[in-house]
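In case you want the letters, here they are:
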Amino acid sequence: MVSKNRYAMVCASNMNRSMEAHALLKKHEFDVGSYGVGSHVKLPGPNQKSPNSYSFGTPYKEIFADLAKKDSDLYTRNGLLRMVQRNMEVKLAPERFQDCREAYDIIVTFEERVMDQVVDDLNRRPQQLFRPALVVNLDVKDSHEEAALAAPHALRLCTLVEAAEEWEDEIEAAVEQLFLETGRRAIYTICFY
Amino acid sequence: MALDHTRANAVQILNEAKLCQEGNQKVTLLSQLSELVVRKEPGLSPEFIPDLVVLQLDSFLGVRKWLSTFLGEACSQCPSPTVLELTTGGLAGLLQDSAPGVVKQALFSCIHLIRGALGQLALNPMNEELISLMENVQKIASSAVSISVTHKNDSVKVAGVKLRENMVLLFTAEHAPRLPGNVLRSSISSCSDVPLKLPSAAALAQEADAQLRGLLDMFRQQQQAGQGVSSGTLLIVLIKALSGIGVQRPGLLGRLLPSLMLLAKEGGYRASGSEEAVPLRGGEVSVGNALRLALSSIIRSRIDTSVPWRDRIVEALGHIGAEDAADSSLKYIQRQEYKEQKASKSRNRQESAEAEDQPNKRPKVGGSLTNGIAAPAEAVSMALGHATCAGGQLTGGSEVNTPPVTSASDLQQVMTLLGAILATGDRTMLAAFISNLPVSALADVVIHHMPNLPLGPPSSLSFMHVVGTSATSNISTATTSNTLPVPQHQRPPHAPPTQRPVSTPSPPPVTWQQTQHARLQGGYNISSTYPPYSSAYRQPPYGGPPPQAAYTQPPPPPGPPPNLILPPQSVLPSQQHPVPPVLLAVPPASAPDMTAQQHAPPAYLPSAAGLVGTAFVTKPGMDPGMERVGGPNTQVTGAGSRSQPQGHQKVGTSVAPPPPAPPAAPHVPSLGLPVPQLGWLSGSAPRHLPLGQPALPKDIRPTAPTALPLSATAGSALVGSGPEPLLLASEQLAELRRRAEFGELLLARMAASDPKDVGQLMLDHVVKEWKDDTGGEGLQVAERWLNALFVEYITEHGQQKTTSELPSTSGERGLGHDDKADKKGKESGIKEDALKKEVDALNLVTNDERHSLSTMLAPVASTLSSTALSETPYEEALLLLLNELWRLERQEAVKLLLLQAPCLTLPGTVNFLQSLIDHGGDWASVALSAARSLIQERPPFRSAALDLVLQAAAGLVPETRSKAVRLVCNQLIREPQLEAAIVQFASAALSRLVPKSIGVSSNIIPSEVPPSDSTFSSQEEATRFCELYSALCVVRPALLEGLAEAAAHSGVMDPAATSALQTAAVTIARALGVKSRELLSLVKQHPAGSEHVVRTMVDAAVNGEVPTVELVEACRCWYLQSQDVKIMAPLVVALPRAEVLSLMPHLLQLQGANIRSLFKKLATPQILSGSTIEPMFSPSELLVALHCPEEWGGLADVSPIVLRNAISEALHAPETFPQQALAAAISKMEGRSPLPQLFMRTVILAVKSAPTLRGFVSELLSRLVSKQIWLDKAQWRGFLMLVENSDRTFFSVLLQLPKPVLEACILPSPTTTEPYLQEHTAIKLALFASSAENPVQVLSPIQQLLDMVLARYREATAAASAAVDQAVAAVAEEAKHDKNGSSCSLLESSALEVAENLDSNLGIGRRDSPDETDIVDDDLKEDFEVEFNDD
């Protein structure tokens, strides 16, 4: 299946929530990318005050090696290594949404703050293509479990949108349908490239 | 070659696409084609579009969609007339398509089409074909809009809204859109970067107005449709479109905002984050969020037109529950303004420093400073960013089309080149160079030469011409006055009066620029004054008289004159190459060989014409005086300089001899530059317009940009500010200023004697001339005025009063000046001297003398009672000034005036300051800052000002209160004279927290609250009474005792007061740190009843710090005396492990946050004093220890309930006990025999708190089955409970049980006492065993058991169904005989009763009573149910 829309999954660090959804949508043959919006990729460290921080663009492979070198046991226990390993199978490196110049039809965010940053970035860009982009937010806590729960919801939403001939006509119904099915309320807005 | 290759490829692909029958493949091929002919070689587009347009009849939807997109891209990348024409036809067909996707893309492509057509027409406005094309494009656009409005699909409507939004923005821009693409760039060469004027702006504005109205109508329709009916998607796009237009076109904001605010108020939408948004649907919250973003962006844009609306926008945000967005937007504005002020001050300081370093260096571009006096801010702004100013404020801030400001380096380069060309004297080269300059750069060059412009018009205006009239002697009044914009008060009083025309000029023709100007000033509401579109396109673009019928004369603009005064033709250097003569005056720094003259006075050079043949300015080392051409009686024209009365001087002749030294009379020299440049600078007439000729030469008419990128108002401001630098640059300036100051002095005296009539005049003058940083002339004049009033008062009344009051107040001139009291007292006769000198000072005009006057009056002022001047003209004037400056939001000015005024009056000034404090925000800061200065500088005011500050420190507004507290604690408390009063006030305020019957009441604290019984509505209210005291505790730790004394009454305090005290204690402890002696002292000895506050302080102090040995010892003593283990909990990190274990039974009795904090300290690394301390236990160790108290000797001392509660808290603290720790602890306990009593309970809660542990637990259960867990009754009950409440997760484990055990579980006998499964779980298990989900192979004995369960279930169901049927039948039968008509209700109730009994019958008598001795029973069940039901 070749999806007629292009999808972007966006979270803070392009590590957990967006990649979980990216992996799932990719598995279902959606044309999908994933991004983060933070200034750096931040991962939990040995304690709250010393997180692991990487620049966007650092390959997942390098992140994996670095984490394994620092404390293999700890990062195995907290699931970080498995998560990064999963990411390695999806794409090369975390990407930053603000640096991306590809145009997407549907942008799914997983936190309202992230949605605000995405919308702000799109509004700042000069409009040249006049191509609409739907930005939808699903509030998801940044944990392995919640990300795993939310990814199927994102897939469901994208499936509903994909089924519509023009998403503008169906997005309201799709959001409502998603709420009825999963109890997850999606909020959306429309931007233009 | 490459082009041919690309063409060949494209042809091949096109042929393949035409032959292709499969839709998707066809689209793929066409995408490749567009890559080639649009992106790679846009020039090929015209060749292929005719072949591609026919694809609009293709049956495959994707192809038609592709075509819609392709046409838009072609217009965007290659907007040649041919492409635009072909696209117009193609889109006309696609707009009629039945598929909404195709129409949607066609609508978006229309935007590209309009941009392209507009850009092309701007390049060649007179081209008939382009005019026709534009007309067609507009027709298509109108048609597209109509289609979108009536279309049933939201996607099309959304695209229509976007099209309309872009039409409004494009048609109201100041300039035409820039066109990308190779074709275009090659055709217009160097002019491609120059913004072009919008062609036929009037007609376009009319169209924009119509589209805007359409958008608003659509918005209102959506709004009126109400919630649930209107499309959220469309509404969101409409909101974004309206706010986008409002921000980019500030002139239209007033039309758009009311609609948005009305929707916010009455639409019922809420933004996310609001509590009221919780029950709303996602679509509704999305609309609320769009409103929030739109309104916030309008506030944040800081456009002038949004300022009056700001409060209402904030209110509207409140309606949608977005108060936080409003707050953050307002804070954003404040931050931006602060940054700008800071940058401005920094820039000023830098310029001042540079000026000091290079005192003789001439000012830079814009000539803002000369002789140390600042030019008007408008002039500086104009010089630095005139284009931005014009675009941003007048035309709606079209960022894209705003003319760029030439960078400093580029401008310097241009100036250097100009100087070099001038040095060569090559007139042709100069003309060619200038004609190739971008207009924006040319404007900056002119601005650079502004100091060289003449002060006024030449004395003889007989050489002037009026553009558009042939009579050179007809000079309109407006023209003359506007080209001589020297403000009346700046003119030398004896300067020759402005020559004004006698005859009335004929009405000026409406020029192109006038039309534009009127459009700008009219806020785009010009539809009624502009002609229809078709006729407007055929008007002449520049200057020429338009068709009279097509135009209505707009009102005369307030700015520049419509007419242009230029020198006569005969004196112009060349009509073919109109070189602005102003450029011929070289600034000293720009000419390469002028370095030797940099320190000379401003030099003015002859025109290029004058240079030819003379090489006048090229001689190095020439006497600077020689450069001054055009003395008082000469005028330099474009053809050279000449003595005015003697008529013209031939081009190329030698220059007139240098003028004599300026005469004593301040006649402003006319320095040789004709006035007309001011005229075209103002944008009132085109630069290249030859004099007196109705038509322009064809070769220069449309191809080059002909209008300066200055808007009308910006030009006007430039003209208005232009002469000032000239004034200041004049050598006669000193004399002029002396006389001006003399005039101001006289004005001050007049205002003092007749404040009613002249006061307002003075006020206006002061405000106008006020400079925020230094006060400038405004402050000087205000001082003069107040001095005059002050002296007048003293003369009339002051002598007796001051004499009598001198002993009591003398000597108080600032803190630390008390030692001078005696000296000043001895100088009691100073008043008379001061009066005498002040009278004399009225004749003094220099700054030094004026300062000495102020200094002289200061002691007199300080000796006056502050109330003496109440209700006098002096106070009236002072308050008038202060209030006016306040009204104009001149904060620095208010502060400056308060400090510089000769005397302040007590009630009036205090009331004024109190008003500022009550106003809050920045004004409160100003008032507090002023109060601080008054405390330090004006002793009579010290008490009142301190009282103001202290009252504010206990005020109602948190922000102001915080500022006042900081002021007191950081500065005022350091003054020994003030400390006692401050502490007294703070103590009195603190005592308000204590009920009146106990505490000490005081009258010196704010009187409005608190109530007599010291009850508070909130913690915030209580905080205001202890905030100052707690802050003082940090700088004066000895005051801690007072706080503890107050806390000792916390038992009878209002809870809000107690909470406020606790918060204050935490803040103090963190600030004091763990090593504070006062804290240690408090721990050792504290008033009874204050323990909780002291404990809180210890806890806060040791947070992140290693406790000192003394503190630990003191706490240990406390514990031993009181057995209060809470004091030891914060210190566990510093205690030995053995001591901690011995304390553990008591520590585990802590609850809630306290015990979680304890666990965190025990089981996680602590960073204390910058180093990491390893934890005493690992999380899993601690968990195991909690389950096995016998291992650390706590079994006897800890009750099971305490342990259970502690474990529950641990399992709810994932930050300390992550799921890995849970798993590790469970694994460790699994190996123990017997299992810990609370083992299964912990497993159940672990699964709840960490669902990902289910796999782990499943394996654990399997192992427990192999260990015959059913033998341990308590654990077995927990096992079944876990299985029962985890849906089917662990059913596979049950299927591994031996048959007897499983049978006892699922088919218990009525008398069994063993744990068993509920019947519905048993049924589920039976169904699960036979489903595909079951991964375990079921053995046949087990299967038989499960079949029995199912059979029993079916029997029960059948019996129940029969019972229901029977009951229903019975009821129905009974209803037949019921004559009262109540059968329905009876029937319903009976059926319900039977149905309810059905479920209960299935499990009657199946569960025995729980074992009372079993610890995993009721509590666990309760926990279990609560937690899983929550899930």
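Reading the values: the criteria
- Residues numbered from 1 in each chain as written.
- Chains lettered and ligands numbered in written order.
- Predicted model: local features only at pLDDT ≥ 70, side-chain atom pairs only at ≥ 80, totals over all residues.
- Heavy atoms only, no water.
- Contact = heavy atoms within 4.5 Å.
- Buried area = accessible area lost by both parts, 1.4 Å probe.
- Salt bridge = Lys/Arg side-chain N within 4 Å of Asp/Glu carboxyl O.
- Polar contact = N/O pair within 3.5 Å; in protein donor to acceptor, adjacent residues only side chain to side chain.
- Helix = DSSP H or I, 4+ residues; strand = E, 2+ residues; numbered from the N terminus.
- Buried < 20%, exposed > 50% of the residue type's maximum accessible area, 1.4 Å probe, protein only.
- Right-handed = clockwise from strand over helix to strand, strands pointing away.
- Pairing = 2+ DSSP bridges.

Visitor: Is there a simple way to think about the interface of chain A and chain B in this case?
Guide: When the parts of a complex come together, some accessible area is lost, and that lost area is often taken as the interface size. Tallying the contact residues gives 30 residues for chain A and 39 residues for chain B. Across the chain A to chain B interface the summed buried area is about 2800 Å²; carbon plus sulfur atoms make up 52%. When the area that chain A buries against chain B is broken down by residue, the three leading residues are F130(A), E166(A) and R185(A), summing to 23%. K65(B) is the partner of E166(A) in a salt bridge, and the nearest nitrogen-oxygen pair spans 2.9 Å. Taken together, the links from chain A to chain B amount to 19 residue pairs in polar contact (both at pLDDT 80 or more). Among the secondary structure elements, those contributing two or more residues to the side of chain A that touches chain B are α4 (112–124), α6 (167–182) and β7 (186–192) of chain A. Broken down by element, the side of chain A that touches chain B gets its largest block of residues, 7 residues, from β7(A).

Visitor: Help me understand the pairing of strand β6 (residues 132–138) of chain A, please; the structure alone is not making it clear to me.
Guide: Consecutive side chains along a regular strand alternate between the two faces of the sheet. Residues and elements named next belong to chain A. Counting buried positions along β6 gives 7 out of 7 residues, so the element sits mostly inside the fold. Burial along β6 is two-sided: the residues P132, L134, V136 and L138 and A133, V135 and N137 are all buried. Taken together, strand β5 (residues 106–109), α4 and β6 form a β-α-β motif whose crossover is right-handed. The sheet contact formed by β6 and β7 spans 7 bridges and is antiparallel. Each residue of the ladder has a partner; that of N137, found in β7, is I187.

Visitor: Please explain unusual backbone geometry as it appears in this structure.
Guide: For residues besides glycine, phi is generally negative; the peptide bonds are generally trans as well. Residues and elements named next belong to chain B. Residue P1234 follows S1233 across a cis peptide bond; omega there is 0°. When you line up the elements, P1234 lands in the loop between α51 (1219–1230) and α52 (1239–1249). Of note, the phi angle at R302 is positive, near 60°, even though the residue is not glycine. Structurally, the position occupied by R302 is in the loop between α13 (282–301) and α14 (310–319). Residue R302 is classed as partly exposed on the basis of its relative accessible area of 23%. At Q1268, a position not held by glycine, the phi torsion is positive, near 60°.

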